[in-house]
Every structure is written in structure tokens, then in C-alpha cells.
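Each chain, written out:
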Amino acid sequence: MPHWIAIAAPPAEDDAQAWGWHGLRFTPRVARLEEAWLFEVAASERLFGGREALLDQILSPGEPLSAPSAWAQGDTCLLALALLRLRQRGIPSPARVPQDLPLDVLSAAQPHVPLLERTGCRTWGQLRALPRAPVARRFSPALLEALDVAWGERPARHRWLQLPEVFDVRVELPSLASSAPELMWTAQRLLGQLQ
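Rules used in this analysis
- Residues numbered from 1 in each chain as written.
- Predicted model: local features only at pLDDT ≥ 70, side-chain atom pairs only at ≥ 80, totals over all residues.
- Heavy atoms only, no water.
- Phe/Tyr/Trp six-rings, centres within 6.5 Å; stacked < 30°, edge-to-face > 60°.
- Helix = DSSP H or I, 4+ residues; strand = E, 2+ residues; numbered from the N terminus.
- Buried < 20%, exposed > 50% of the residue type's maximum accessible area, 1.4 Å probe, protein only.
- Lys NZ or Arg CZ within 6 Å of the ring centre and 35° of its normal.
- Core = buried A, V, L, I, M, F, W, Y, C linked by side-chain atoms within 4.5 Å.
- Contact = heavy atoms within 4.5 Å.

Peer 1: Looking at this structure, I do not really get the packing of aromatic side chains. What am I missing?
Peer 2: The geometry of an aromatic ring pair is captured by the separation of the ring centres together with the interplanar angle, meaning the angle of the planes. Counting across every chain of the model gives three aromatic pairs. Look at Trp 4 and Trp 160: their rings are 6.1 Å apart centre to centre, the planes differ by 15°, and that puts the pair in the stacked class. Here the residue Trp 4 occupies a position in strand β1 (residues 4-8), and Trp 160 occupies one in the loop between α7 (141-150) and α8 (180-194), the gap between them amounting to 156 residues. For Trp 4, a relative accessible area of 6% translates into the label buried. The interplanar angle of 45° and the centroid separation of 6.4 Å between the aromatic rings of Trp 124 and Trp 151 together place this pair among those described as tilted. Of this pair, Trp 124 sits in helix α5 (residues 124-129) while Trp 151 sits in the loop between α7 and α8, and the two are 27 residues apart along the sequence. For the cation-ring pair, Arg 87 lies above Trp 71, with the distance from its terminal atom to the ring centre recorded as 4.9 Å.

Peer 1: Would you take a moment to explain the nonpolar core for this structure?
Peer 2: Across soluble globular proteins, you tend to see nonpolar side chains buried next to one another. Among the nonpolar cores identified, the biggest contains 35 residues, and Leu 78, Leu 84, Leu 101, Leu 103, Leu 106, Trp 124 and Leu 127 are the most heavily contacted of them. Elements that contribute at least two residues to this core include exactly β1, β3 (36-40), α3 (77-89), α4 (113-118), α5 and α7. Looking at this core element by element, the count peaks at nine residues for α3. In contact with Leu 127, other than residues within four places in its own chain, are Leu 103, Leu 116, Cys 121, Val 135, Leu 143 and Leu 147. Core analysis: the next-biggest nonpolar cluster, separate from the first, contains 17 residues, Ile 5, Leu 24, Ile 58 and Leu 65 among them.

Rendered as C-alpha cells:
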């Protein structure tokens, strides 16, 4: 059974990309989805000593990264992303997941939330209980597809992060360097990024 970890991507683009590279240390299935990095780690858990040990290693990256501001885990990528969004808002997870998750944490439902709420539909489970054909006509087939992916009934399609063939990063030195020791701080930073 798949297991996904969603990590809030930091606002700085360099750090955001570094989280993707960090994830590749633990699993080849790393993807960026909206504001988060998603790692599918089920196949890697045994290699790293179980789910808890793997989670500890992922969330304690060391230099140059700092611990993530928020993270969540779930059985599907959209479920992990939804739980991450709730955690970022400071809202506890509902008792029944995914049935009781609010609609606004599902990206495909966000444009339709006002109309759905006026009809009394406020959770993923209530939306899923509606007849499929009218929902597809009224809203979009993409909304039903997202629900199917969230429930694990349809595979998600991702563009997996691939390591580049060459490590090439331009770094501006903080001051004029005339000897090797003066370059070591920048070299250590580059080595951290390469690792």
C-alpha cells in the first residue's frame, strides 16, 4: 500500500529545490505538487529501518536545509497534501479521513466550493456521495478524477523529479577570496547542495 509524505516547500526557490533533491536520497518517487513536495516512501521504508525511522531521517535533513515548517502523511498524494494544508492552517485532522475533510483542501474542488456549500455539500465524503454523472456535467470530470485519486481508486500522474546529468551551480562569493581557506565556506555549501 502506498504511503505519501507531503512537505511544505519553503518560499525560497533554492531551498525548495533542495528539498526535492533531499527526498531523492530516500525514494525515486519525488514530485512537486502545488505548494508541497510529495515523497512516496512505501517501497523504501524497510531499507531505512521502518516508517518512523525513515520519517525521522527525512524531517531532520541537516545542513544546508532546516526542518520543514509543516508536513503530513497519508495513503494517497492528495490526502497527504490535504492534511498538510489543514496542519498549516492550525486545524486538527478530522476523525474520519478522508470522508470528513473540508472541500477547500482539495485543489480540484476549490473553484466550486461556494456553489457546493450552498447545496449543503461541505466535505469530501458528501461530494463523493453525490451522483457522478451530474457532478461531472455540472462541475467537471477533473473533480471526480481528483476524488478517485484521493481515495486511491485511480493512480495519480506526476512528473517525477529527475537528477540532472551535471551539477552546475553558480555562487557569488561574499567577499574577495585570495586563498583556499577563504573559499572553503562556499565550497562546503556547494558540497552540501551536491549531497
